Amino acid sequence: MTSEARLERTEDGFLTVEEGWFVLNAREATWRHGEGRGARLTFEGETKFPQVGTSLFVLAPGEPMAMYHWEADQENFLVLSGEALLIIEGQERRLRQWDFVHCPADTKHVIVGAGDAPCALFAVGAREHQASLEWGGYPVDDVALRQGAGVEEETADADEAYAPFPHRKPARYHEGWLPD
């Protein structure tokens, strides 16, 4: 039996979560934001969920949620609001509210905000291989490069892949990121 986790606010006002079950409102949680990369909320705090990762992303038009990549574990995405562009296996697909995307292991993909308003996405991914050297990689793809979401040289190094972008920094929720 697990116990309820403690949610604590740090001196700078951000919430931290300890191990155990909990309920957390996304508007009260600590987000991470980076110019050109959108906002991300992982719900996890310092303790990472061992089996499944979950995140909320809010992307302005043209902002990629990640760099074009593949992972050894499956990932799934649900568009909660707005529009997005899915780049998957070198193809572009338009996404709109309530579209669900399933990426089996080894599927090359990325999602970029589109339309004229922010796009909110819920992401869920398995974590079986996340800590291994075979977690995945960032392949070169012309479609992803045209959308500002691709690497010019194939790599498995996240620092290399994300070098053009500032790191996401802790941020409080901004009104309007999530639909009412």
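Going by the structure above, here's the rest.
Residues numbered from 1 in each chain as written. Predicted model: local features only at pLDDT ≥ 70, side-chain atom pairs only at ≥ 80, totals over all residues. Heavy atoms only, no water.

So, the overall build of the protein
Line of reasoning, step 1. Secondary structure assignment for the protein yields two helices and 14 strands.
Line of reasoning, step 2. Taking 2.2 N^0.38 as the reference for a compact globule, 180 residues should give roughly 16 Å; the C-alpha atoms of the protein span a radius of gyration of 16 Å, in line with that estimate.
Line of reasoning, step 3. Judged by the C-alpha coordinates and their principal axes, the protein covers about 45 × 40 × 30 Å.
Line of reasoning, step 4. Looking at the protein as a whole, 43% of its 180 residues are labelled buried.
Line of reasoning, step 5. Long-range contacts, defined as pairs at least 24 residues apart, comprise 65% of the intrachain contacts of the protein with a sequence gap of at least 6.
Line of reasoning, step 6. Charged side chains in the protein number 16 positive and 32 negative. The centres of these two groups are separated by 5 Å. (Helix = DSSP H or I, 4+ residues; strand = E, 2+ residues; numbered from the N terminus. Rg over C-alpha atoms; globule rule 2.2 N^0.38 Å. Buried < 20%, exposed > 50% of the residue type's maximum accessible area, 1.4 Å probe, protein only. Contact = heavy atoms within 4.5 Å. Lys, Arg positive; Asp, Glu negative; His and termini not counted. Charge placed at Lys NZ, Arg CZ, Asp CG, Glu CD.)

Some thoughts on the pairing of strand E5 (residues 52-59)
Line of reasoning, step 1. When you tally the buried positions in E5, you get seven out of eight residues, the bulk of the element.
Line of reasoning, step 2. Here eight bridges tie E5 to strand E12 (residues 119-126), and the two strands are oriented antiparallel to one another. Of the residues in E12, the one forming a bridge with Phe57 is Leu121. (Pairing = 2+ DSSP bridges.)

Digging into the environment of Gly150
Line of reasoning, step 1. Summarising the element assignment, Gly150 is placed in the loop between helix H1 (142-146) and helix H2 (158-161).
Line of reasoning, step 2. Gly150 sits 41 residues away from His109 along the chain, and the two C-alpha atoms are 10.0 Å apart.
Line of reasoning, step 3. When sequence neighbours within four positions are dropped, the list of residues in contact with Gly150 reads Met67, Tyr68, Ala144 and Leu145.

So, the environment of Phe165
Line of reasoning, step 1. With respect to the element layout, Phe165 can be found in the loop between H2 and strand E14 (169-171).
Line of reasoning, step 2. Looking at Phe165, the relative accessible area reads 18%, which means it is buried.
Line of reasoning, step 3. Each C-alpha atom, one on Phe165 and one on Leu24, is 29 Å from the other, the two residues being 141 residues apart in sequence.
Line of reasoning, step 4. Apart from the residues lying within four places of it in its own chain, the contact partners of Phe165 are Gly36, Arg37, Pro64, Met67 and Gly148.

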